[in-house]
Amino acid sequence: MRWDAQAIIPVAKDGGKDAAPAAVTSDALLPLAGLVRSVTTPEFAGITFHEVAAKSVLNKVPAGSRMPFEWTINPYRGCSHACVYCFARKSHTYLDFDAGLDFDSQVVVKINAVEVLRRELAKPSWGHHQVALGTNTDPYQRAEGRYQLMPGIIGALADSGTPFSILTKGTLLARDIPLLKHAAAQVPVGIGISLAMTDEKLSEAIEPGTPGPRARLKLVMRLREAGLPCGVMAMPILPWLSDSDEALDHLFSSLAQAGATGVTAGALYLKPGTREWFMKWIAAHHPELAGKYGRLYGSGSYASKEYRTWLAGRVKYFKKLHGFSDASGFSHRDMETGTTQKAGDEPAGPLDARDEEAQYPAGSMPGPDPGTGVRARRLSHPQATLF
């Protein structure tokens, strides 16, 4: 692969009549802090990689967060997966990029991430807290094939005795299965795959830079066959696009057959930055739904309580139908009583839509591998038509 240094200039965003979402006209402001160079390659047409020397790569999660981890690592900022619904879009504006096309095409790469991480983990003050990867942008997006940051990050965390988790849509993770098996023998490891639909055409339209659903299902199976846990984040479920009984039944059936150790699901979340980009996409691709989405979400980020109550009931039904039951330790939201519950737990508190963001499936967080029982039995007899 040939990489060409390019002049550091604002990136033009020329959206023709077929562009969807509509083009955003603000320009990126460069240089970035720590910028080493900006590069392009014909193999990543339309994408610019901004290589930076980071001062730190361990990020402390704000106090009071609902997340089940205290630290994160994001070796990349921006993401070529180009998921229209990505909740992290607004984070790109902190770098003076826009949350739309820039997020998809201006990718920041922390080229010294491994070196800096090893230095941070070696500090006497490091408490070996759990570290989560993939919480903002995907660590296994296509650029990882070139920069190969993740093997060094995995090795640094395992060597330092630091438990960690990875959440990804990228099938490039399969490259590192041997490293993950080795790491799991040293520290607790969690692995999560993001997969919320099995419709290949819908996936290609709304998450165009990702491996398709069948490829991700194969990755789940490969991880389970390697003895590694693999929870699935079935988010976002898209109103009127992927929330039918047929779609949910096929999704949970496929995940069970692939051997997923756990599943959580939730409705599309439209925070500022994401909302504007998604609504433009809906208007361009599904104009008949534009008004419905406007009414369903109003002026907020969450679908109405009525919709979330209905969806939670359907998700609960299909999870149980395909073996993802409370008895197996899976989280679900009890929308009727207004509580968040886990198997064996007392109701945890009042209903709050934000709790859905903190629900991680079994296997996706570091801990004992829960992948036994019904899913293990299904895995030994996969249906030939699944993939």
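To keep things clear, this report deals only with the structure shown in the data block. (Residues numbered from 1 in each chain as written. Predicted model: local features only at pLDDT ≥ 70, side-chain atom pairs only at ≥ 80, totals over all residues. Heavy atoms only, no water.)

1. Regarding the state of the cysteines
Filter applied, for reference: When two cysteine sulfur atoms lie within 2.5 Å, the pair is treated as a disulfide.
Across all of its chains, the model carries 0 disulfides by this definition. As a non-bridged cysteine, cysteine 79 has cysteine 83 as the owner of its nearest cysteine sulfur, 6.4 Å distant.

2. Describing the layout of surface pockets
Selection criterion: Here a cavity denotes a set of grid points, spaced 1 Å apart and computed over the protein atoms alone, in which a 1.4 Å probe fits but from which it cannot get out, and a pocket denotes an open set meeting protein on both sides within 12 Å along at least five of seven lines; residues with an atom within 4 Å of a point are reported as lining. Grid points are joined across faces, edges and corners, and a volume is the space filled by probe spheres set on the points. Strands are runs of DSSP state E lasting at least two residues, helices are runs of H or I lasting at least four, and both sets are numbered from the N terminus onward. Each residue is assigned to one of three groups, with Ala, Val, Leu, Ile, Met, Phe, Trp, Tyr, Cys and Pro labelled nonpolar, Asp, Glu, Lys and Arg labelled charged, and all others, Gly among them, labelled polar.
Reported here for the largest pocket is a volume of approximately 1500 Å³. Taken together, 46 residues make up the lining of the largest pocket; nearest its centre are Met67, Phe87, Ala88, Thr135 and Asn136. Counting residues per element, the ones that place at least two in the lining of the largest pocket are strand 4 (59-60), strand 9 (164-168), strand 11 (231-237) and strand 12 (262-267). Considered class by class, the residues forming the lining of the largest pocket number 22 nonpolar, 13 polar and 11 charged.

3. Notes on helix 5 (residues 177-184)
For clarity, the cut-off: Per-residue accessibility, obtained with a 1.4 Å probe over protein chains only, is compared with the maximum for each type, and a residue is labelled buried under 20%, exposed over 50%, and partly exposed between these values. As used here, the arc belongs to the directions running from the helix axis to the C-beta atoms. Working rule for contacts: check all heavy atoms of both residues, and any pair within 4.5 Å makes them a contact.
Along helix 5, the positions that sit buried rather than exposed are Ile177, Leu180 and Ala183. Around the axis of helix 5, the buried residues are gathered within 120° of arc, so they sit on the same side. Opposite the buried face of helix 5, at more than 90 degrees from it, the exposed residues are Pro178 and His182. Residues of helix 5 that are buried make contact with helix 4 (150-159), strand 9, strand 10 (189-194) and helix 7 (213-225).

4. Let's talk about the pattern of salt bridges
What counts is decided by this rule: Just to be clear on terms, a salt bridge is a Lys or Arg side-chain nitrogen sitting within 4 Å of an Asp or Glu carboxyl oxygen.
The full count for this structure, using the stated rule, is 9 salt bridges. The salt bridge involving arginine 118 is made with aspartate 159; its shortest N-O contact spans 3.4 Å. Pair noted here: arginine 118 is in helix 2 (residues 113-121) and aspartate 159 is in helix 4, with a separation of 41 residues, a long-range link. Its relative accessible area of 40% is what places arginine 118 among the partly exposed residues. For arginine 314, the salt bridge is made with aspartate 245, and the minimal N-O distance between the two is 3.0 Å. One end of the pair, arginine 314, is in helix 11 (residues 305-321); the other, aspartate 245, is in helix 8 (residues 245-258), and 69 residues separate them in sequence. Beyond isolated ion pairs, a larger network of salt bridges with shared partners links Glu144, Arg175 and Asp176.

5. Some remarks on the nonpolar core
The condition that has to hold: We call a set of buried residues a nonpolar core when its members are Ala, Val, Leu, Ile, Met, Phe, Trp, Tyr or Cys and they connect through side-chain atoms within 4.5 Å of each other.
Membership of the largest hydrophobic core comes to 89 residues, with the highest contact counts inside it found for Phe164 and Phe278. Non-local contacts of phenylalanine 164, meaning those with residues more than four positions away in its chain, are made with Val131, Leu133, Ile154, Leu157, Leu180, Ala183, Val187, Pro188, Val189, Gly190 and Pro366. Among the nonpolar cores identified, the runner-up in size contains 7 residues, and Val61, Phe69, Tyr360 and Met365 belong to it.

6. Let's talk about the side chain of glutamine 106
Along the chain, glutamine 106 falls in strand 7 (residues 106-110). A relative accessible area of 0% places glutamine 106 in the buried class.

7. Focus on helix 9 (residues 274-285)
Since the α-helix packs 3.6 residues into each turn, any two residues three or four apart lie on the same face. Stated formally: Every helix has an expected span of 1.5 Å times one less than the residues it contains.
End to end, helix 9 covers 16 Å across 12 residues, agreeing with the expected 16 Å (1.5 Å per residue, within 8%). Within helix 9, the full set of buried residues consists of Thr274, Arg275, Trp277, Phe278, Met279, Trp281 and Ile282. Contacts from the buried residues of helix 9 go to helix 1 (101-105), helix 6 (200-206) and helix 10 (287-297).

8. Some points on the packing of helix 4 against helix 5
Inclusion rule: In this analysis an axis means a line fitted to C-alpha atoms, helices contributing only their contacting stretch, and an angle means the value between N-to-C directions, from 0 to 180 degrees. Each angle is binned into one of four classes, with values under 35 degrees roughly parallel, values over 145 roughly antiparallel, values of 65 to 115 roughly perpendicular, and all other values oblique.
The interhelical angle for the contact between helix 4 and helix 5, taken along N-to-C directions, is 5°, at an axis separation of 10 Å. Taken together, the axis directions place helix 4 and helix 5 in an arrangement best described as roughly parallel. Across the interface between the two elements, Pro151, Ile154 and Ala158 of helix 4 pack against Leu179, Leu180 and Ala183 of helix 5. Residues that form the contact of helix 4 with helix 5 fall into these classes: 6 nonpolar, no polar and no charged.

9. A short note on the packing of helix 2 against helix 4
The contact between helix 2 and helix 4 brings their axes to 9 Å, and the two run at 10°. By the angle between their axes, helix 2 is roughly parallel relative to helix 4. For the pair helix 2 and helix 4, the contacting residues are Ala113, Val114, Leu117, Arg118 and Leu121 in the first and Gly152, Ile153, Gly155, Ala156, Leu157 and Asp159 in the second.

None of this, on its own, says anything about what the molecule does.
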